[in-house]
Structures are given as structure tokens and as C-alpha cells.
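Read off the chains here:
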Amino acid sequence: MEPLLALRPADDILGHQPQAQLERHNALRRRNAEYNRKLPEINRKDEAWIRELVKPPSLENLKPQLATEQWQVPDPSRHLTCISSHQSLPLIAVGSGGHEKNLFIYEMTVSPGGSQFYHRQTVSLPNIYSLSWAPLGRFNSDTVIASGHRNGVVHLVSLPDSASPFPARVLKRFNHADPLRTSASPISRISHLEFTSAVWTCVPDSSLATLYGESLYLWDVTRNDRPMMSQRVASISGFHVSPFRDGILALNGAFGIALLDVRTKSRGLLRPKIANHSESTAVKWSPYNSNWVASAHEDSKIRIWDIRAAQPFAELYGHSDIINAVSSYLHMDMVNV
């Protein structure tokens, strides 16, 4: 695949640049008595039922593993917007809304003395608002990342190895701002993007799902002249590609949560009718159960759904502010981050 253009690296990428010693905290110790008193009362019977259902490991076993690591990203604009971790490699990408030196690539190494992040490289790609690593085997390079920008542009970027003298390359550019096929304003951003999972046989391999304004797009990354699908969904704010079900997206927004099947001509939304009355700020499929979806809501609750039922089978309480993301951790299917 020929690159559209070569990007000049924003700094020297010929060697790893170790960060300063990371500040480490034992997460369990930070949960002091004052913090615990702020949590609402929990029905112990219900809590036991949820624990039996999800079967998390005991906290005693987690003590050596729970820790917080912090490092400072040298963003001159102080406008960090997104982060993406590679599914298979120890790589983390951090994006910024700045104009230059705003895509930071880090690599994590683990040693007997602990883990450490190394700064691999910095690339200039103005106004990044979303990132997604391509799965291994999709492209000739293992380090390909999609970046979403202001004004409806997505770049597919090949990053060099840390020892390579060559710069990063833009392989493809996808433009969403064509007024003939979008209802988004000129200042809209690519707020979210994801590569489709391997089970999606309804679209070509390596397809890319993107959200621009209130419009969803599906792109074949081998061509960039027009999307395979575009659909406006009023008040949408995010989505997650199902890792197990072909052509199914979980959506979140002012409408709560919904499912969209891109294989159907009508592409109507399927919405649960019960306990779906508040705006959803995040949605995530379980990585272990093809029927489970977790959603965060503006009422500071996380609801866990079985898509075969009309209402959530569990609600998680305890947050006092807006929940921005949900993710999976260890053997538990859904936990807030």
C-alpha cells in the first residue's frame, strides 16, 4: 500500500527515551475510611448475588497487582484528548488537540523492579480527537493506527519501529466533510472510531467504523473515495463494535443505549424499554459473554444488560460524578475505569 505522504518526526526516534521514575501508589491503601463513608448503603444480599454472578477474584489476591502509575505527557498545548492501548503489543498512544507534536507513542516494559514506560516517538498530526490501533495481521506493519481529527478527517498511519530512521507515513485519508453526504457542521470532530472485529463477515476485513457529528460511517480501508455505509443517529455520542456478533453495534447517547444491525436495509435501532431513560455516556460489550453490554449513565449508575432481556440485570452504584468510560478487567466482565 503506497503512502499518501511522509510525516516528519517531531523528535528523534532513533532510540528509546525513558520517562522519569513513575510515581506508584497502592490503590488499596487509597481507599481510606473517609472515602468509604461517602459510598451509599449497599444491599448486602444483592451484592452477594452480583458477586456470585460475576465471580471476581478476591481482593486479597489482587493486592500485589493493584497499583497506579502516572507519567507526564509533554504536550505543549496541554490539550490531551484521547488514549488507545494496543490489543496485542505493549504500546500506548496518546493524542492531543494541539497543532504539532501531538501524537505520543509509549512502550511499556516489565522487569523484576516493576513496569516502566518508554517514549518511542512523537508525530505531528494536527487536532487529534480519537485513536484506534489496527489489530495485528491487518496490514504489512504491526504498528498501524487510525487517528480522527477536527473537520471530519481520519488518517491511517503506519508508525516505524523505534530504531528505524524512517518517519511515520499516512497510508490513507478518509474525508467525512463532503456536504453531499453528511449533516455534521464544518467544526465537527471524529469523536470515536474503531476497527471491526474478525467475526464481521458482512464487511471487508479491516473495515473502520467512525462517528462524525451525529453520523455513523463504515469504511473499507482498501479504498477511501466513499464509505460503505453512512447513517444519521440523532443525539448519538459513542458506540462499540461487537467482538462476537457480525454487524452489530452498541450505541450510546441522549436516548440511552441501543443496538444497530448494519446488515439490515432499514437499520432501525433496538432499544430496551425499562431503565433506559437517562442519557448514556459510555457503552462496552463484554469480552467474555456475547450477550452482555455495560453502559454508564448520567445518573452516575452503570447498568449491565443481557440483550435478550428488556431490562438490566444489574446496576452498579457509588459514583458521585459523570462516568466517562467502562472497560473490562481481569476475570470480571464489566468494571468502571
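Up top is the structure these notes are about.
Notes on the structure follow. This one's a predicted model, so the numbers in the text were calculated from it and none came from an experiment.

## Looking at the overall build of the protein
Per the secondary structure count, the protein includes 4 helices and 26 strands. Intrachain contacts of the protein at a sequence separation of at least 6 include 53% that bridge at least 24 residues. Total accessible area computed for the protein in this model is approximately 17800 Å², and 51% of it derives from carbon and sulfur atoms.

## What about the environment of Val110?
Summarising the element assignment, Val110 is placed in strand β7 (residues 103–111). Separated by 20 residues in sequence, Val110 and Pro90 have C-alpha atoms that sit 9.6 Å apart.

## Points about the pattern of salt bridges
Tallied over the full model, the rule gives 8 salt bridges. Ionic pairing is found between Arg308 and Asp306, a salt bridge with its closest N-O pair at 2.7 Å. Judged by its relative accessible area of 14%, Asp306 falls in the buried class. What emerges from the salt-bridge pattern is a single network uniting Asp299, Arg303 and Glu315.

## Some remarks on the layout of surface pockets
Volume-wise, the second largest pocket comes out at about 1400 Å³. Lining the second largest pocket we find 45 residues, and of these Leu131, His192, Glu194, His240 and Lys284 sit closest to its centre. Among the elements of the structure, β5 (80–85), β9 (128–133), β13 (190–195), β17 (236–241), β21 (280–285) and β25 (326–329) are those that each provide at least two residues to the lining of the second largest pocket. Split into classes, the residues belonging to the lining of the second largest pocket amount to 20 nonpolar, 21 polar and 4 charged.

## As for the nonpolar core
Ranked by internal contacts, the top residues of the largest apolar core, which has 17 residues, are Leu216, Phe239, Leu249 and Leu251. Within the residue set of this core, elements represented by two or more residues are β14 (208–212), β15 (215–219), β17, β18 (248–253) and β19 (256–261). If one sorts the elements of this core by residue count, β17 sits on top with 3 residues.

## Let's talk about the pairing of β5
Sheet analysis places β5 next to strand β6 (residues 91–96), joined by 5 bridges and oriented antiparallel. Bridge pairing links Cys82 to Gly95 in β6. Taken together, β5 and the strand that follows it, β6, pair antiparallel across an intervening segment of 5 residues.

## Some remarks on the sheet that holds β17
Spatial strand order, β17-β18-β19-β20: 4 strands in an open sheet with antiparallel pairing. For this open sheet the edge positions go to β17 and β20 (269–270), each flanked by a neighbour on one side alone. Strand direction decides the pairing type here: β19 and β20, joined by 2 bridges, are antiparallel. Bridge pairing in β20 places Leu259 opposite Leu270.

## So, the sheet that holds β21
If you trace the 4 strands from one edge of the open sheet to the other, you get β21-β22-β23-β24, paired in antiparallel fashion. For this open sheet the edge positions go to β21 and β24 (312–316), each flanked by a neighbour on one side alone. Across the sheet, the mean angle separating the axes of adjacent strands is 20° when strand polarity is ignored. One ladder, built from 5 bridges, connects strand β22 (residues 292–297) with strand β23 (residues 302–306); its direction is antiparallel. Within β23, the position partnered with Ser295 by the bridge is Arg303.

## Quick word on the environment of Glu107
Structurally, Glu107 is set in strand β7. Overall, Glu107 belongs to the buried group, its relative accessible area being 19%. On a C-alpha basis, the gap between Glu107 and Ile92 in space is 6.3 Å, while along the polypeptide they are 15 residues apart. At a separation of 3.4 Å, a polar atom in the side chain of Glu107 contacts the side chain of Arg120.

## Topic: the packing of aromatic side chains
Counting across every chain of the model gives 4 aromatic pairs. For the pair Phe139 and Phe195, a centre-to-centre distance of 6.4 Å together with 70° between the ring planes defines the contact as edge-to-face. Of the two residues, Phe139 sits in the loop between β9 and β10 (144–149) while Phe195 sits in strand β13, which places them 56 residues apart along the sequence. Neither residue differs from the other here; Phe139 and Phe195 are each classed as buried. Seen from their ring centres, Tyr217 and Trp219 are 6.1 Å apart, and the 20° between their planes marks the pair as stacked. A relative accessible area of 0% places Trp219 in the buried class.

What counts, and where the lines are drawn
- Residues numbered from 1 in each chain as written.
- Predicted model: local features only at pLDDT ≥ 70, side-chain atom pairs only at ≥ 80, totals over all residues.
- Heavy atoms only, no water.
- Helix = DSSP H or I, 4+ residues; strand = E, 2+ residues; numbered from the N terminus.
- Contact = heavy atoms within 4.5 Å.
- Areas by Shrake-Rupley, 256 points an atom, 1.4 Å probe, with all protein chains shown as cover.
- Salt bridge = Lys/Arg side-chain N within 4 Å of Asp/Glu carboxyl O.
- Buried < 20%, exposed > 50% of the residue type's maximum accessible area, 1.4 Å probe, protein only.
- 1 Å grid on protein atoms, 1.4 Å probe; cavity = no way out; pocket = protein on both sides within 12 Å on 5 of 7 lines; lining within 4 Å.
- Points joined across faces, edges and corners; volume = space filled by probe spheres on them.
- Nonpolar A, V, L, I, M, F, W, Y, C, P; charged D, E, K, R; others polar.
- Core = buried A, V, L, I, M, F, W, Y, C linked by side-chain atoms within 4.5 Å.
- Pairing = 2+ DSSP bridges.
- Axes fitted to C-alpha atoms, helices over the stretch in contact; angles between N-to-C directions.
- Polar contact = N/O pair within 3.5 Å; in protein donor to acceptor, adjacent residues only side chain to side chain.
- Phe/Tyr/Trp six-rings, centres within 6.5 Å; stacked < 30°, edge-to-face > 60°.

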